[in-house]
Amino acid sequence: INHELPSLEPQKFHDYQMSFVGYSGSGKTTLIEKLVSRFSEAYRVGYVKRDAHGFQMDKEGKDTYRVKQKGARKVFINHREASCAMIGASEPLNGNIFDDCDMVLVEGYKESPFEKIAVLDQPGELLKRIQAGDVKNVQAYVCDDPIEGLDKPCFKRDDVDGIFDFINQAFETIRESVSLKAL
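Parameters and conventions
- Residues numbered from 1 in each chain as written.
- Predicted model: local features only at pLDDT ≥ 70, side-chain atom pairs only at ≥ 80, totals over all residues.
- Heavy atoms only, no water.
- Helix = DSSP H or I, 4+ residues; strand = E, 2+ residues; numbered from the N terminus.
- Buried < 20%, exposed > 50% of the residue type's maximum accessible area, 1.4 Å probe, protein only.
- Contact = heavy atoms within 4.5 Å.
- Core = buried A, V, L, I, M, F, W, Y, C linked by side-chain atoms within 4.5 Å.
- Polar contact = N/O pair within 3.5 Å; in protein donor to acceptor, adjacent residues only side chain to side chain.
- Pairing = 2+ DSSP bridges.
- Axes fitted to C-alpha atoms, helices over the stretch in contact; angles between N-to-C directions.

## Thoughts on the overall build of the chain
If you tally the helices and strands in the chain, you get four helices and 10 strands. Looking at the chain as a whole, 42% of its 183 residues qualify as buried. Long-range contacts, defined here as pairs at least 24 residues apart, represent 65% of the contacts in the chain between residues at least 6 apart.

Shown next, in the form of structure tokens:
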């Protein structure tokens, strides 16, 4: 079987991917569930979860289960000791598991070089890491209250429509750049 599973190292899972980073309890999964529900109405959505604490795959109430129930076509989770992918039983096991997805929403990978939306925590620990340069390529923020001095858009946690539109626009920019390269 020639089936490439994503590694634990930060990597690009798909040309159209957006990462959501934040500390445990910040609301990343709840937000991703809502976005997957919206995006899966028109797109085939993949979901990647970077787990720092060990995991149980597809157990009711767990993040992977919740996002799969909202419409993610494929789910992948990894930890330093194990990785697991959930795909349809009739799907072929060849190539990258996300090849037939239109986009991938990624939860985690704060240190990756890829575009991300920072879901800020109340104590402000993640914002401190971003300002210190430890977390790079933040395209937008999600927080409870407006924060002065942010150089990127800031959405309220319940502004799913605004975040949905923001991601669509980011993906449109990628589509336009790909079209220009083909000329």
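## Concerning the nonpolar core
Judged by nonpolar contacts, the single largest core of 29 residues is most densely connected at Phe20, Leu35, Leu105, Ile117 and Ile167. Among the elements of the structure, strand E2 (17-21), helix H1 (28-39), strand E3 (45-50), strand E7 (103-107), strand E8 (116-119), strand E9 (138-143) and helix H4 (160-182) are those that each provide at least two residues to this core. Here this core gets eight residues from one element, more than from any other, and that element is H4. In this structure Phe20 touches Lys28, Leu31, Ile32, Leu35, Leu105, Val106, Glu107, Gly108, Ile117, Val119 and Ile167, once residues within four positions along its chain are discounted. Listed in part, the 10 residues of the second largest apolar core include Val21, Leu126, Ile130 and Tyr141.

## Looking at the side chain of Thr29
Tracing the backbone shows Thr29 in helix H1. Classification of Thr29 by relative accessible area gives buried; the value is 8%. At a separation of 3.0 Å, a polar atom in the side chain of Thr29 contacts the side chain of Asp63. Beyond its immediate sequence surroundings of up to four residues, Thr29 is in contact with Lys49, Asp63, Arg66, Val67 and Glu107.

## Considering the pairing of strand E5 (residues 82-86)
As defined by bridge partners, strand E4 (residues 74-79) adjoins E5 across five bridges and the pair is classed as antiparallel. Across the sheet, the residue bridging to Ile77 is Cys84, located in E5. The hairpin formed by E4 and E5 contains two residues between the paired strands.

## Structural notes on the sheet that holds E3
Within the open sheet, the eight strands sit side by side as E5-E4-E3-E7-E2-E8-E9-E10. Their pairing is mixed. Because the sheet does not close on itself, it has two edges, and the strands there are E5 and strand E10 (154-156). In this sheet, adjacent strand axes meet at a mean angle of 20° when their direction is disregarded. Judged from the three bridges that link them, E9 and E10 form a sheet pairing that is parallel. Residue Cys143 lies in a different strand from E10, and its bridge partner there is Lys156. Across the sheet, H1 lies against E2, E3, E7, E8 and E9, angled at about 170° from E7, the strand it touches most.

## Some thoughts on the environment of Ser112
On the secondary structure map, Ser112 appears in the loop between E7 and E8. Residue classification places Ser112 among the buried residues on the basis of a relative accessible area of 3%. For Ser112 and Lys136, which are 24 residues apart along the polypeptide, the C-alpha to C-alpha distance reads 7.6 Å.

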